[in-house]
Amino acid sequence: MHAEARDLIAAMPLPAVLIRWDERIDAANAEAVALLGEGLVERHFITVLRQPVLLDAIEGTMRDGAPRKTRYLTSDGRQDTTFDVSCRAVALSKGPGVLLTFADVTQMEQAGQMRRDFVANVSHELRTPLTALLGFIETLRGPAREDAAARERFLEIMGNEAGRMERLVGDLLSLSRLEAEERVRPTHPVDLPDLLSSVLSSLAPVAAEAGVTLIPELPETPLEIAGDPDQLRQVFVNLVENAVKYSGKGAQVTLRLSGPAYHPRLRADGVEVEVIDTGPGFDPLHIPRLTERFYRVDSHRSREMGGTGLGLAIVKHIVNRHRGRLRIESTPGKGSTFKVILPLRAGPPRGEEA
């Protein structure tokens, strides 16, 4: 093989392998070596590329010269990876060969699976209240037509189910807006102690009804950060309300603001807002998935409480938009802590260029 052709393969940005007429690998670039391993050149392609669908595609292109596409599945040690493989016939000095190129489509596959899972989850969440509504409507038209007591009871349940669907649609719209704005950094000045005091005041009736004590630990002096006041309010209302709902009667929920101070995770000066409860807590194994859409530690209890399964996903998106960090800690029997770390300023973090 000419040196020019080898240089061309070496310059390809995708993993590339050239197989010559005697079914031996004639050349492979550095990307292919990283994918398939060392010592590729002069090995029979079957000993390197052992997946039947890929071998069939190579042999077919060698036989008739027609281009083919197939998939190559492997793992990078952390996750399964998927490559689109293109097989193209090439003319070499002593006979025909096949050029393989590998395009990593793992992220596209994952995004597609996430979309399918999301549609399935939304369908499931909507189907339950819709089924209940249709059943009650049928009952009210038939056996309970003249039963006033049953009619009132069914209408109340129907109202609750309709409200649940309304909350779900509202949360889905919020997520959609957040995803559209996530790369746009909010810059409005927000007095955080004032905002947090307002959150506690608005949730005081909810806490009183649940038998939960709200404890503010907020500075008396103003402390401004750059942010979106409505979205930040949504974050802390969600976190405090969740703590109240799931802590149980007699629990305490503390809302603590500390800082400003330098935070290595932000590489900037920032503040910490902690929502600390003395509730039952939960197994830490749930923490990595808590901000996934529709993930619930206790799905039955969450639905009973009116949860949509999207609240912490919304919190995560808002915190990301503010270039902040969300940290969750929990110990069964000892309560949970949700910590939001927010940068003070609107510019890029320290150590990064504007």
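Each residue is numbered by its place in its chain's sequence as written, counting from 1. In keeping with the predicted nature of the model, local features appear solely for residues at pLDDT of at least 70, side-chain atom pairs appear and are counted solely at 80 or more, and the whole-chain, interface and lining totals rest on all residues. With hydrogens and water stripped out, all remaining heavy atoms of the structure feed into the side-chain values.

1. Details of the environment of Arg 267
Part 1 of the reasoning: For Arg 267, the position within the fold is in the loop between β9 (252–263) and β10 (268–277).
Part 2 of the reasoning: Arg 267 sits in the partly exposed class, given a relative accessible area of 40%.
Part 3 of the reasoning: Taking C-alpha positions, Arg 267 is 9.0 Å from Pro 343, a pair spaced 76 residues apart along the chain. Note on conventions: DSSP H or I runs of at least 4 residues are helices, E runs of at least 2 residues are strands, and numbering of each starts at the N terminus. Note on exposure labels: buried denotes an accessible area under 20% of the residue type's maximum, exposed denotes more than 50%, and partly exposed covers the range between, all computed with a 1.4 Å probe on protein chains only.

2. Details of the pattern of salt bridges
Part 1 of the reasoning: By definition here, a salt bridge exists when the distance from a side-chain nitrogen of Lys or Arg to a carboxyl oxygen of Asp or Glu is within 4 Å. The full count for this structure, using the stated rule, is twelve salt bridges.
Part 2 of the reasoning: Across the pair Arg 20 and Asp 26 runs a salt bridge whose closest N-O atoms are separated by 2.7 Å.
Part 3 of the reasoning: Since its relative accessible area comes to 10%, Arg 20 is described here as buried.
Part 4 of the reasoning: Using a relative accessible area of 6% as the deciding quantity, one classes Asp 26 as buried.
Part 5 of the reasoning: The salt bridge partner of Asp 64 is Arg 68, with a shortest N-O separation of 2.9 Å.
Part 6 of the reasoning: On the accessibility criterion, Asp 64 (46% relative accessible area) is partly exposed.
Part 7 of the reasoning: What emerges from the salt-bridge pattern is a single network uniting Arg 20, Asp 22, Asp 26 and Glu 42.

3. So, the sheet that holds strand β3 (residues 68–75)
Part 1 of the reasoning: On the basis of which strands lie adjacent, the open sheet formed by five strands has the order β2-β1-β5-β4-β3 and antiparallel pairing. Whereas interior strands pair on both sides, the edge strands pair on one side only; in this sheet they are β2 (25–28) and β3. Shown here is a sheet whose adjacent strand axes are inclined to one another by a mean of 25 degrees, direction ignored.
Part 2 of the reasoning: When DSSP finds two or more bridges between two strands, those strands count as paired. In this sheet, strand β4 (residues 80–92) lies alongside β3 in antiparallel orientation, the contact comprising eight bridges. If you follow Leu 73 over to β4, its bridge partner there is Thr 82. Axis definition: a line fit to C-alpha positions, over the contact stretch in the case of helices; interaxial angles, taken between N-to-C directions, run 0 to 180 degrees.

4. Describing the nonpolar core
Part 1 of the reasoning: Membership of the largest hydrophobic core comes to 45 residues, with the highest contact counts inside it found for Leu 192, Leu 196, Phe 236, Leu 239, Val 240, Val 253 and Val 340.
Part 2 of the reasoning: For this core, the elements supplying multiple residues, two or more each, are α6 (148–181), α7 (192–210), α8 (229–247), β9, β10, α10 (311–321), β11 (325–331) and β12 (335–343).
Part 3 of the reasoning: Residue types Ala, Val, Leu, Ile, Met, Phe, Trp, Tyr and Cys, when buried and joined through side-chain atoms within 4.5 Å, form a set referred to as a nonpolar core. Judged by nonpolar contacts, the second largest core, of 21 residues, contains Phe 45, Leu 55, Leu 100 and Phe 102.

5. Side note on the packing of α7 against α8
Part 1 of the reasoning: Interhelical geometry of α7 versus α8 gives an angle of 35 degrees and a closest axis separation of 9 Å. In the packing of α7 onto α8, the handedness of the crossing is right-handed. Contact residues: α7 offers Leu 192, Leu 195, Leu 196, Ser 198, Val 199, Leu 200, Leu 203, Val 206, Ala 207 and Ala 210, while α8 offers Pro 229, Leu 232, Arg 233, Phe 236, Val 237, Val 240, Glu 241 and Val 244.
Part 2 of the reasoning: When residues are grouped by polarity, Ala, Val, Leu, Ile, Met, Phe, Trp, Tyr, Cys and Pro land in nonpolar, Asp, Glu, Lys and Arg in charged, and all others, Gly among them, in polar. Its residues placed into classes, the contact of α7 with α8 shows 15 nonpolar, one polar and two charged. Helix crossings are classified by the rotation of the near helix relative to the far one: an anticlockwise turn of less than a right angle makes the crossing left-handed, while a clockwise turn makes it right-handed. We call two residues in contact whenever any of their non-hydrogen atoms come within 4.5 Å of each other.

In short, geometric facts, not functional conclusions.
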